[in-house]
Amino acid sequence: MLSIVEALGQVYDAGYALGVTGVVAVPGQPLPPPPPPAGNGLYARYYVGTNLDELKAAGVDEQGLSHDWLLGGPVPAVGTDQFSVRWTGQVRAEHSGEYQFRFHNSDDGVRLRVNGVTIIDDWTAHAPRDSAVGTATLAAGQLYDIEVDYFDDTLGARMELQWAFPPTHGF
Ligand SMILES: [Ca+2]
């Protein structure tokens, strides 16, 4: 699989502190404000419902953006169907130029925002399929906000975000 480290350069910054590890239950209250940027991994929020409906758990997800939960789910608190996840953090580009992004074999819905701009929106229930390709022009060394949403309706649950920098590598 591609990873942010491999594709966007050496650094892969999440906007949350190293002190937050693993996934913690959220007992019906707002999440604390994010600590200063440090560490690796995107911050994940896990919801019951297919539209980020009811926050149940949150924490740093060091696995990145490639998951295959098969017929299961990411955390027990959200069950195995009708759940959704939002990952947020920052990435740093290695090169200056146009990066391409796509979701590979996502099941079900996915969408991607980079620097606040939605560049992939495939927010529908569907069998595994590749999304359209979205692009973002990035500058080397700059940090960019990234936000990835996912939901599973029923049955299989998987998502994988891939990126390419065509001058040096494709999908
Ligand atoms: Ca599914």
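All of these numbers come straight from a predicted model, not from anything done at the bench.

Asker: What am I meant to see in the overall build of the chain here?
Answerer: The number of helices and strands found in the chain is one helix and 11 strands. Per-residue burial for the chain yields a buried fraction of 33% across its 171 residues. Within the chain, contacts between residues at least 6 apart in sequence are counted, and of these 68% link residues at least 24 apart.

Asker: What exactly am I supposed to notice about the pairing of strand S11 (residues 157-164) here?
Answerer: Two faces belong to every sheet, and in a regular strand the side chains alternate between them. Note that strand S4 (residues 66-70) and S11 share four bridges and pair antiparallel. The residue bridging Ser66 from the neighbouring strand is Glu160, located in S11. The pairing of strand S6 (residues 97-103) with S11 spans four bridges and is antiparallel. From the neighbouring strand, Gln100 faces S11, where its bridge partner is Ala164.

Asker: Is there a simple way to explain unusual backbone geometry in this structure?
Answerer: If a residue is not glycine, its phi is most likely negative; likewise, a peptide bond is most likely trans. The step from Asp107 to Asp108 runs through a cis peptide bond, and the omega angle for that step is 20 degrees. Note that Asp108 resides in the loop between S6 and strand S7 (109-114). Within the chain, Leu70 stands out as a residue other than glycine whose phi angle is a positive 55 degrees. You can see Leu70 is positioned in strand S4. Even without a glycine there, the phi angle at Asn105 is positive, about 55 degrees.

Asker: What should I look at first to understand the nonpolar core in this one?
Answerer: Counting residues in hydrophobic clusters, the biggest one holds 32 residues, and the most contacted among them are Ala44, Tyr46, Trp87, Val148 and Leu161. Going through the elements one at a time, strand S2 (42-48), strand S3 (54-61), strand S5 (83-92), S6, S7, strand S10 (143-152) and S11 are the ones with two or more residues in this core. Residues in contact with Val148, not counting those within four places in the same chain, are Leu65, Trp87, Leu112 and Leu161.

Asker: Whenever I open this one, the sheet that holds strand S9 (residues 134-138) confuses me. Can you help?
Answerer: Backbone-to-backbone hydrogen bonds pair the strands of a sheet. The strands run either parallel or antiparallel. Across the sheet, which stays open at both edges, the four strands sit in the order S4-S11-S6-S9 with antiparallel pairing between neighbours. Two strands bound the open sheet, and with one partner strand each, they are S4 and S9. Neighbouring strand axes in the sheet, compared pairwise and without regard to direction, differ in orientation by 20 degrees on average.

Asker: Explain the environment of Gly41 here, please?
Answerer: Among the structural elements, Gly41 can be located in the loop between strand S1 (23-25) and S2. It is 9.3 Å that separates the C-alpha atoms of Gly41 and Leu65, two residues lying 24 residues apart in sequence.

The rules we used
- Residues numbered from 1 in each chain as written.
- Predicted model: local features only at pLDDT ≥ 70, side-chain atom pairs only at ≥ 80, totals over all residues.
- Helix = DSSP H or I, 4+ residues; strand = E, 2+ residues; numbered from the N terminus.
- Buried ≥ 20, exposed ≤ 12 C-beta atoms within 10 Å, placed from the backbone.
- Contact = placed C-beta atoms within 7 Å.
- Pairing = 2+ DSSP bridges.
- Core = buried A, V, L, I, M, F, W, Y, C linked by C-beta atoms within 7 Å.
- Axes fitted to C-alpha atoms, helices over the stretch in contact; angles between N-to-C directions.

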